[in-house]
Amino acid sequence: MSITYWLDGSEKFGEKFGNNYGTCVVTTTPRSMMENSDRDRGDYPPRPHGGGVGENMSGSIGGRPTMTTTTTTTTTSSPAYSIDWIKLDIDYFKTIPGILKLVQWVLGIFCMGFGSPAYNGGGHFYLFVVVLSFIITFFWICIYFFSIREGLQLQIPWVIPEFYYTAGVTLFYFLAFIVQFATGYYGSHLASAVFAMFNTVAYALGAFFLYKDWKQNTGGVNSPNV
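Residues numbered from 1 in each chain as written. Predicted model: local features only at pLDDT ≥ 70, side-chain atom pairs only at ≥ 80, totals over all residues. Heavy atoms only, no water.

Visitor: Whenever I open this one, helix H3 (residues 121–145) confuses me. Can you help?
Guide: For an α-helix, the turn length of 3.6 residues means that residues three or four places apart are oriented alike. In this model, H3 (25 residues) spans 36 Å end to end at C-alpha, consistent with the 36 Å of a helix rising 1.5 Å per residue. Positive backbone phi, at 55°, marks serine 147, one or two positions downstream of H3. (Helix = DSSP H or I, 4+ residues; strand = E, 2+ residues; numbered from the N terminus. Expected span 1.5 Å × (residues − 1).)

Below, the structure written as C-alpha cells:
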C-alpha cells in the first residue's frame, strides 16, 4: 500500500509498508510539476505556497485542512522609579530656624575641636553628647536641604520628633558644659565648655521655634505642655 501526502506544495512523502518493515522516501518536487499536478486534480489555480512563523495559510493540502500557526511576542518593561520629589531647598536656611541649625552644627565643630582629647569620665561624657548631637543635627540639615520632609510623609508631623530631639539636646548640652567646666584640665577644655554654653542657647532657641511651629500647624492639638 502506498500513501502520498502533499505538504505546502513542496515535498512528497512516500511510505511503503510490508512484512514488518517500512521505508520512507522523501523527494523534492519542482513548482512547475506541482502546479501541473494541481491542474490534473482540478485544484487550479494553484494554492499559495510558502509560509513561516506567524504567517496565515489557507486552503487544503491533499484534500486535508491546513494548520495556521500564529506567534505573539509580548514585551514587558521594568517600571521606572524616580525621585523627582527631591529638590534643593536653600531658602529654608535663610529663615531663623534654618540659620539656627547651621549655627548649632558649626558650634559643634568648635566644641569637638577644643574638647578633645578627653582625660576623664566628665570629658568622655562631654564628647559623647557633642559628637552625637553633631551627627544627628547634620541629618536634620540634610532633611531640610533635600526637601525630604515634603516628599516623605510620616504618620506624625515631622515637627514632633524634631522638637523632642532639640529639647533633649538642649538639656544634655546644658549638663555637658557644666561637667566640662568642672572637670576640664586645660584651657582648651574650658574654651570648649564656653562654646557648649553658646550651643545650649542655640538649641534652646531652636526648640522654642519648633514648638511655635508645632502649635500653629496643629492648632494646639497634641502640643506639649511647656
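Visitor: How should I be thinking about the packing of aromatic side chains in this particular structure?
Guide: Each aromatic ring pair is characterised by the separation of its centres together with the angle its planes make. Counted according to the given criterion, the structure contains 19 aromatic pairs. Centre to centre, the rings of phenylalanine 177 and phenylalanine 181 are 6.1 Å apart; their planes meet at 80°, and the pair counts as edge-to-face. Taken together, the residues span about one helical turn, with phenylalanine 177 and phenylalanine 181 both in helix H5 (residues 159–183) at a distance of four residues. (Phe/Tyr/Trp six-rings, centres within 6.5 Å; stacked < 30°, edge-to-face > 60°.)

Visitor: Just checking my understanding: could you explain the packing of helix H2 (residues 96–115) against H3 for this structure?
Guide: How two helices pack is summed up by the angle between their axes together with the distance between the axes. Orientation of H2 relative to H3, taken along the N-to-C sense of each, is 150°, at an axis distance of 9 Å. As the angle between them shows, H2 and H3 are arranged roughly antiparallel. Classified by chirality, the crossing of H3 by H2 is left-handed. In this structure, H2 uses Lys101, Leu102, Gln104, Trp105, Gly108, Ile109, Cys111, Met112 and Gly115 to contact H3, whose residues at the interface are Tyr126, Leu127, Val130, Val131, Phe134, Thr137, Phe138, Trp140, Ile141 and Tyr144. Class assignment of the residues belonging to the contact of H2 with H3 gives a composition of 14 nonpolar, four polar and one charged. (Axes fitted to C-alpha atoms, helices over the stretch in contact; angles between N-to-C directions. Parallel < 35°, antiparallel > 145°, perpendicular 65-115°, else oblique. Left-handed = near helix turned anticlockwise from the far one by under 90°. Contact = heavy atoms within 4.5 Å. Nonpolar A, V, L, I, M, F, W, Y, C, P; charged D, E, K, R; others polar.)

Read these as layout, nothing more, since geometry by itself doesn't imply function.
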